Amino acid sequence: MAEEEEQEEEVASWLKPPPKVDHIEIRVAGGWVRDKLLNQHSVDVDVALDCMMGVQFARIVQSYLLLLDKQEEEEEEQKLQQNDNDDEENLMMLDDEEQTDINSNSKKPPSKRGHEKPKKKKKSRQPKIGVIGANPSQSKHLETATMNIHGIDVDFVNLRAEEVYEANSRIPTSKTRMFGTPLEDALRRDFTINSLFYNVRSGKVEDWTGRGLTDLLDNRLIVTPVDPHETFHDDPLRVLRAIRFCVRLDFSLHDDIRQAAMSKRVHHSLHVKVSRERVGKELEGMMTGKHARPGRALDMIAELHLAGSVFAFPGSFPGDFGHVSGPVTGRILDVDYHGCCGKDGPDAVALAATHRAKGWDESSALLALLPKIMESHVDERERYLLQKQLKDGEVSGGGGESRSASVMDSRLLHICVFILPFHNLTFPDAKGRKNYVTTHMIKEALKWSTKDIQAVSKILEHVDEMADILSDLRSQSKSFQQQQQQSQEGGDGNDASQLSAPCRLRSGLLLRSLKEYWVTCLLAAAAWEIRSYQRLREEDGTSTSTAEEQPSRDLYRAIVGELDLDECWRVRPHLNGKEIIKELSLPKGPVVGMYIEDQTKWMLLNPNGTREECMSHLVERKREREQDIVKEVEEEENDIVDEQNESYVGVANGEGQTSPDSKDGSTKHFSKKIRSDTAEEIEDITN
């Protein structure tokens, strides 16, 4: 910490006005001032200038640093020259014998001996200037010059005046004045806690809004310097920034901000004015990093009715090229949903909006379950690791490292749980293929990475299957408890049967599909299963006190313990595709995949099986398939014969059609050929 303060003091000294421009007032603005007052580390410094553009001043600073660099080089050269002179004087004082010895060893003075390597050219301390053009979609409203000084990023920009915006845009128009006053700059900032300045010349903090320090240090409140409705309408991204600061700093939102954030006007502005990349980046800032609380951030998004604007449905925002005009269909909480993004009648649109609102309410209910589920999982995981260490003898100083169990991804877990109520909704793409709405949210509405898209899609694809396993465990646990109670009441002294482990094959195939995301999927499914159980009990009018019992703990314990399935997807197969083709004499093609799948299932059911045993199983499976093929052919032939017999019976009864049978074109009735009155006799003839 002391080293960081020394670096910042040195940076501040370099920011002092150089000669001939001492009339400029230099102020450090925004986040750096806020974080220092809160005793938090800040990663960058924003410098505001009152009468000069950032690029112009950055060049002055660059020249000044270059001048300092040259002065230091001259001083070092003078020191080296002085050292050389001292060495020569010492050399002349040596006697002739010593001088002869020195000359015989080296032609260089003693001071140069042992320094054969050429001197490295000193790296210049002159920082380069980067220019960031105005880009309102990225919250850069004016051109900014940036430099890295002593490892700290410093941005230079002029004080900003009140900005004038075009409709449906975050870009200030040409009517905006170039330079503003400190008060104007403070009032145009997003929040009062970010409107503070540190005056480099006076060494004091300036609070031009008159309440920034109070809101930061006393009230711990997020407040806009001006009317929040206008602030959020002009720059809708600020409503998400308000949530991010509120969560990270553990502050509260002012009531006026809450009302403005819930207005439809702001929601519309967020849809049409802000790029989806910027929305996704702002959400990412809420989900990760120091002091991040993703559950609280998502809950506030739902609470302020912003979920539909952040996790936008297909076709509801400009530039949504991944969506075709086909309807979004599926079920939300077991209720049929049909929506065409406003292209249906007003009643249908209102009904769809109501269903979506209920879905987001369910998202909040699911988030409320996560803290206890996650805490329970952490306890279970630590217990498992401790037991494994004791078993391996590591606590007593035994050998090697123990393989740790797979971990949950808190960020993905919260995102998946939040959009879980919509995971069964789909819509068609340009080629008529089914696309999931939740995948579209991550891919198009947030513009997150391909890795995140694939992870969320995989988790939500298997969450229902995982929830079914948990539901089965809950039912089994309930039955087990009833058996125990009956056993105790009966006094027969016999213990009820123990809970059986989940099917290893079913669980293993699920884990092989999910891979490292299986724990995250398990916890998401736990929340989904608990909520489903709660809704079912609420409909029956019975108590939901047992709903929070977590079969997920039993399933996790079984997977990492008794079933030993964690990282089962990393287990190498006994035979690869080429070996299977060779050993079974198979042609190349899809049929090989069938036997690879057979091998996977066999290895899950026989974790200690050998290669030879696996090969025998595959040979047997091939024989069974060949028998099935022969049987299918025979059945098809019998079906053909039966159809022919049925047609013969119809003809014999005079109900069928005649068929040409003579060479001269005359026709004969089939009944002329078949002299039988019963179907049994016809079957005998055909056989």
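Residues numbered from 1 in each chain as written. Predicted model: local features only at pLDDT ≥ 70, side-chain atom pairs only at ≥ 80, totals over all residues. Heavy atoms only, no water.

1. Details of the overall build of the protein chain
Move 1: What the protein chain contains, in helices and strands, is 24 helices and 15 strands.
Move 2: By the burial criterion, 40% of the 687 residues in the protein chain qualify as buried.
Move 3: Looking at the protein chain alone, contacts between residues at least 24 apart form 68% of all its contacts between residues at least 6 apart.
Move 4: When the accessible surface of the protein chain is totalled, it reaches about 38300 Å², and 48% of it is carbon and sulfur. (Helix = DSSP H or I, 4+ residues; strand = E, 2+ residues; numbered from the N terminus. Buried < 20%, exposed > 50% of the residue type's maximum accessible area, 1.4 Å probe, protein only. Contact = heavy atoms within 4.5 Å. Areas by Shrake-Rupley, 256 points an atom, 1.4 Å probe, with all protein chains shown as cover.)

2. Re the packing of aromatic side chains
Move 1: According to the stated counting rule, one finds ten aromatic pairs in the structure shown.
Move 2: Ring plane angle 80 degrees and centroid distance 6.0 Å describe the contact between F191 and F245, whose orientation is recorded as edge-to-face. Taken together, the positions of F191 in the loop between helix 5 (182-187) and strand 6 (197-199) and F245 in helix 8 (residues 237-249) put the pair 54 residues apart, joining distant regions of the chain.
Move 3: Looking at F191, the relative accessible area reads 0%, which means it is buried.
Move 4: The class of F245 is buried, set by a relative accessible area of 7%.
Move 5: An aromatic cluster of at least three residues, connected via ring pairs, comprises F311, F313, Y337, W360, F418 and F422.
Move 6: We note R244 situated over the ring of F245; from NZ or CZ to the ring centre the distance is 5.0 Å.
Move 7: Between the NZ or CZ atom of R356 and the centre of the ring of F313, over which it lies, the distance is 5.5 Å. (Phe/Tyr/Trp six-rings, centres within 6.5 Å; stacked < 30°, edge-to-face > 60°. Lys NZ or Arg CZ within 6 Å of the ring centre and 35° of its normal.)

3. Observations regarding the layout of surface pockets
Move 1: Roughly 1400 Å³ of internal volume is contained in the largest pocket.
Move 2: In this structure, the largest pocket is lined by 41 residues; those nearest its centre are R34, D44, R241, R244 and F245.
Move 3: Secondary-structure elements contributing two or more residues to the lining of the largest pocket are helix 2 (31-37), strand 2 (44-49), strand 5 (152-158), helix 8 and helix 11 (276-287).
Move 4: Per-element tally for the lining of the largest pocket: the top contributor is helix 8, with six residues.
Move 5: Grouping the constituent residues of the lining of the largest pocket by class yields nine nonpolar, 13 polar and 19 charged. (1 Å grid on protein atoms, 1.4 Å probe; cavity = no way out; pocket = protein on both sides within 12 Å on 5 of 7 lines; lining within 4 Å. Points joined across faces, edges and corners; volume = space filled by probe spheres on them. Nonpolar A, V, L, I, M, F, W, Y, C, P; charged D, E, K, R; others polar.)

4. A look at the pairing of strand 2
Move 1: Here strand 1 (residues 26-29) pairs with strand 2 via four bridges, running antiparallel. Bridged to V28 within strand 2 is V47.
Move 2: When strand 2 meets strand 5, the two strands line up parallel, connected through six bridges. Each residue of the ladder has a partner; that of L49, found in strand 5, is N158. (Pairing = 2+ DSSP bridges.)

5. Focus: helix 12 (residues 294-303)
Move 1: Taken together, the buried positions of helix 12 are P294, A297, L298, M300, I301 and A302.
Move 2: Contacts made by the buried residues of helix 12 are with helix 8, strand 9 (252-253), helix 11, helix 13 (307-310), helix 14 (346-392) and helix 15 (410-419).
Move 3: Following helix 12 by one or two positions, H305 has its phi on the positive side, about 60 degrees.

6. Some thoughts on the pattern of salt bridges
Move 1: Taken as a whole and assessed by the stated rule, the structure comprises 34 salt bridges.
Move 2: The partner of E25 in a salt bridge is R201, with the nearest N and O atoms 3.4 Å apart. Of this pair, E25 sits in the loop between helix 1 (2-15) and strand 1 while R201 sits in the loop between strand 6 and strand 7 (204-206), placing them 176 residues apart in sequence.
Move 3: Using a relative accessible area of 21% as the deciding quantity, one classes E25 as partly exposed.
Move 4: Owing to a relative accessible area of 45%, R201 belongs among the partly exposed residues under this scheme.
Move 5: Of the charged contacts in the structure, one is a salt bridge between R433 and D429, with a shortest N-O distance of 2.9 Å.
Move 6: Residue D429 is classed as buried on the basis of its relative accessible area, which comes to 15%.
Move 7: Bridged by salt links that share partners, the residues E380, R383, R553, D554 and R557 form one connected network. (Salt bridge = Lys/Arg side-chain N within 4 Å of Asp/Glu carboxyl O.)

7. Quick look at the confidence of the model for the protein chain
Low-pLDDT stretches of the model should not have their predicted coordinates read in fine detail.
Move 1: In this model, the protein chain carries an average pLDDT of 81, and 74% of its residues clear a pLDDT of 70 or more.
Move 2: Low pLDDT, under 50, characterises residues 110-117; the stretch is placed with nine contacts to residues that sit more than four places away or in other chains.
Move 3: Across residues 665-687, where pLDDT falls below 50, the model places 26 contacts with residues more than four positions away in sequence or in other chains. (pLDDT = per-residue confidence, 0-100.)

8. With respect to the packing of helix 18 (residues 504-514) against helix 22 (residues 590-605)
The relative placement of two packed helices is expressed as an angle between their axes plus a distance between the axes.
Move 1: Closest axis-to-axis distance for the helix 18/helix 22 pair is 9 Å, and the angle between their directions is 125 degrees. One way to sum up the angle between helix 18 and helix 22 is to call them oblique. When you trace helix 18 past helix 22, the crossing you get is right-handed. Here R504, L505, G508, L509 and R512 of helix 18 lie close against helix 22, whose contacting residues are T600, K601, M603, L604 and L605.
Move 2: Split by residue class, the contact of helix 18 with helix 22 holds five nonpolar, two polar and three charged. (Axes fitted to C-alpha atoms, helices over the stretch in contact; angles between N-to-C directions. Parallel < 35°, antiparallel > 145°, perpendicular 65-115°, else oblique. Left-handed = near helix turned anticlockwise from the far one by under 90°.)

9. Observations regarding the pairing of strand 4 (residues 144-149)
Move 1: Burial runs high along strand 4: five of the six residues are buried.
Move 2: Pairing of strand 4 with strand 5 involves five bridges; the strand directions are antiparallel. In the strand pairing of strand 5, A145 is matched with F156.
Move 3: Counted between consecutive antiparallel strands, the loop separating strand 4 from strand 5 contains two residues, among which H150 sits at a positive phi close to 55 degrees.

10. Here's the deal with the packing of helix 14 against helix 15
Move 1: Contact geometry of helix 14 with helix 15 gives a least axis separation of 8 Å together with a crossing angle of 145 degrees. Every residue of helix 15 that contacts helix 14 at W360, S363, L366, L367, L370 and M374 is listed here: S410, L413, H414, V417 and F418.
Move 2: A per-class count over the contact of helix 14 with helix 15 returns eight nonpolar, three polar and no charged.

11. A few points about unusual backbone geometry
Move 1: Backbone geometry places H305, a non-glycine residue, at a positive phi of 60 degrees.
Move 2: Counting through the fold element by element, H305 comes out in the loop between helix 12 and helix 13.
Move 3: Under the relative-accessibility criterion, H305 is labelled partly exposed at 48%.
Move 4: Of note, L333 is a non-glycine position whose phi angle comes to about 55 degrees, a positive value.
Move 5: Among the secondary structure elements, L333 is positioned in the loop between strand 10 (328-332) and strand 11 (335-339).
Move 6: With relative accessibility at 23%, the residue L333 sits in the partly exposed group.

12. Quick look at the side chain of Q599
Move 1: With respect to the helices and strands, Q599 occurs in helix 22.
Move 2: Contacts of Q599, omitting those with residues within four sequence positions, involve P573, H574, L575, I580, C614 and L618.

13. Focus: helix 22
Move 1: With 16 residues, helix 22 extends 24 Å from end C-alpha to end C-alpha; this agrees with the ideal 22 Å at 1.5 Å per step.
Move 2: Burial in helix 22 covers these residues: V592, Y595, D598, Q599, T600, W602, M603 and L604. (Expected span 1.5 Å × (residues − 1).)

14. What to know about a nonpolar patch on the surface
Move 1: There is a patch of nonpolar side chains on the surface, built from L183, L187, W208 and V226 and spanning about 310 Å² of accessible area.
Move 2: Locating V226 in the fold gives a position in the loop between strand 8 (221-222) and helix 7 (228-234).
Move 3: Classification of V226 as partly exposed rests on a relative accessible area of 37%. (Patch = residues over 30% accessible without salt bridge, like charges linked within 9 Å, V, L, I, M, F, W, Y side chains within 5 Å.)

15. A look at the nonpolar core
Move 1: One finds I222, L283, F311 and W518 to be the most contacted residues of the largest nonpolar core, which totals 127 residues.
Move 2: Here I222 is in contact with F191, I193, A242, F245, C246, F251, S252, L253, H254 and I257, once residues within four sequence places are set aside.
Move 3: Membership of the second largest hydrophobic core comes to ten residues, among which are M603, C614, M615 and L618. (Core = buried A, V, L, I, M, F, W, Y, C linked by side-chain atoms within 4.5 Å.)

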